[in-house]
Amino acid sequence: MRAIFPLFLMLGACSDSSDVLEELPNSSIAGAPRDAMPETRLEAKIIRPVTIGEDGPRLDACGAMGQAARVGTRGLAIRAAPFADAQEVGRLAEGGRVHVCTRSLDQKWLGVVVLMPAPHDCGLSEPVERRQPYEGPCLSGWVSSASIRFVAY
């Protein structure tokens with residue numbers, strides 16, 4: 001019986017404190033009605049640059065070549081980060097070729113650099129000394145790994 005009484009006290013205290021917390025005003029806008037409070041969530045755009053040089057200074061800056069496959073008429077979305085909700089930065093048409101430079105940890109996304117027609121060079125024809133974000137002239141971003149067929153390593 002003695003053990004049950006403290007349990008009721010604790011449950012009663014928890015329900016009372018939640019009522020008090022609900023009534024506490026928001027710090028900088030105390031007294032403002034809930035409808036007048038601004039949205040506090042940040043709507044930041046997530047960007048994760050494509051990394052080149054992951055295979056070391058003796059190998060190419062990007063380790064493989066790929067080609068868009070089964071992407072339909074709208075093409076393959078190229079995103080600013082390896083997430084489906086990330087901002088779209090471009091589209092890759094069926095058969096479009098890319099340098100595959102990196103992968104997401106879950107292997108669902110590939111970090112790519114889109115090949116430009118000749119005579120343009122994306123700056124990936126030689127090895128780089130260390131891992132670094134791609135900052136060259138070509139479009140780079142993240143694509144679904146399910147839509148890329150590897151054509152060369």
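Structural data are supplied above this passage.
Rules used in this analysis
- Residues numbered from 1 in each chain as written.
- Predicted model: local features only at pLDDT ≥ 70, side-chain atom pairs only at ≥ 80, totals over all residues.
- Heavy atoms only, no water.
- Helix = DSSP H or I, 4+ residues; strand = E, 2+ residues; numbered from the N terminus.
- Buried < 20%, exposed > 50% of the residue type's maximum accessible area, 1.4 Å probe, protein only.
- Contact = heavy atoms within 4.5 Å.
- Areas by Shrake-Rupley, 256 points an atom, 1.4 Å probe, with all protein chains shown as cover.
- Disulfide = S-S within 2.5 Å.
- Salt bridge = Lys/Arg side-chain N within 4 Å of Asp/Glu carboxyl O.
- Pairing = 2+ DSSP bridges.

For the rest of this paragraph, the subject is the overall build of the protein. When helices and strands are counted, the protein shows 1 helix and 9 strands. In sequence order, the secondary structure elements of the protein are arranged as α-β-β-β-β-β-β-β-β-β. Burial analysis of the protein (153 residues in total) assigns 31% to the buried set. Taking contacts inside the protein between residues at least 6 apart in sequence as the whole, the part at least 24 apart equals 68%. Accessible area of the protein: about 10,900 Å², with a carbon and sulfur share of 56%.

Before going further, it helps to examine the state of the cysteines. Scanning the model with the defined rule gives 2 disulfides in all. A sulfur-sulfur separation of 1.9 Å characterises the disulfide bridge that pairs Cys62 with Cys101. For the disulfide bridge between Cys62 and Cys101, the dihedral angle about the S-S bond is near 80 degrees, and by the sign convention the bridge is right-handed. Of this pair, Cys62 sits in the loop between strand 1 (51-52) and strand 2 (64-68) while Cys101 sits in strand 5 (residues 97-103), and the two are 39 residues apart along the sequence. Each of the two residues, Cys62 as well as Cys101, counts as buried. When the cysteines engaged in disulfides are numbered in sequence order, the protein pairs them as 1-2, 3-4.

A few words on the environment of Thr73. With respect to the secondary-structure elements, Thr73 resides in the loop between strand 2 and strand 3 (76-79). Since its relative accessible area comes to 87%, Thr73 is described here as exposed. Placed 21 residues apart in sequence, Thr73 and Glu94 show a C-alpha to C-alpha distance of 7.7 Å.

What follows concerns the pattern of salt bridges. Applying the stated criterion across every chain, the model contains 2 salt bridges. The partner of Arg131 in a salt bridge is Glu54, with the nearest N and O atoms 3.6 Å apart. With a gap of 77 residues between them, Arg131 in the loop between strand 6 (109-114) and strand 7 (132-133) and Glu54 in the loop between strand 1 and strand 2 connect regions that are remote in the sequence. Overall, Arg131 belongs to the exposed group, its relative accessible area being 53%. The salt bridge partner of Arg91 is Glu88, with a shortest N-O separation of 3.0 Å. For Glu88, a relative accessible area of 33% puts it in the partly exposed group.

Turning our eyes to something else, we now look at the side chain of His99. Along the chain, His99 falls in strand 5. Setting aside anything within four residues of it in sequence, one finds His99 in contact with Cys62, Ala64, Met65, Gly111, Val112, Val113, Leu115 and Leu124.

The residue Arg70 is not glycine, and still its phi comes out positive at about 55 degrees. Positive phi is not limited to glycine here, since Gln107 has a value of about 65 degrees. Take Gln107: it is sitting in the loop between strand 5 and strand 6.

With that settled, consider the pairing of strand 3. Taking every second residue as pointing to the same face, both faces of strand 3 are buried, with Leu76 and Ile78 on one and Ala77 and Arg79 on the other. Strand direction decides the pairing type here: strand 3 and strand 4 (residues 88-92), joined by 4 bridges, are antiparallel. Paired with Ala77 across the two strands is Arg91, which belongs to strand 4.

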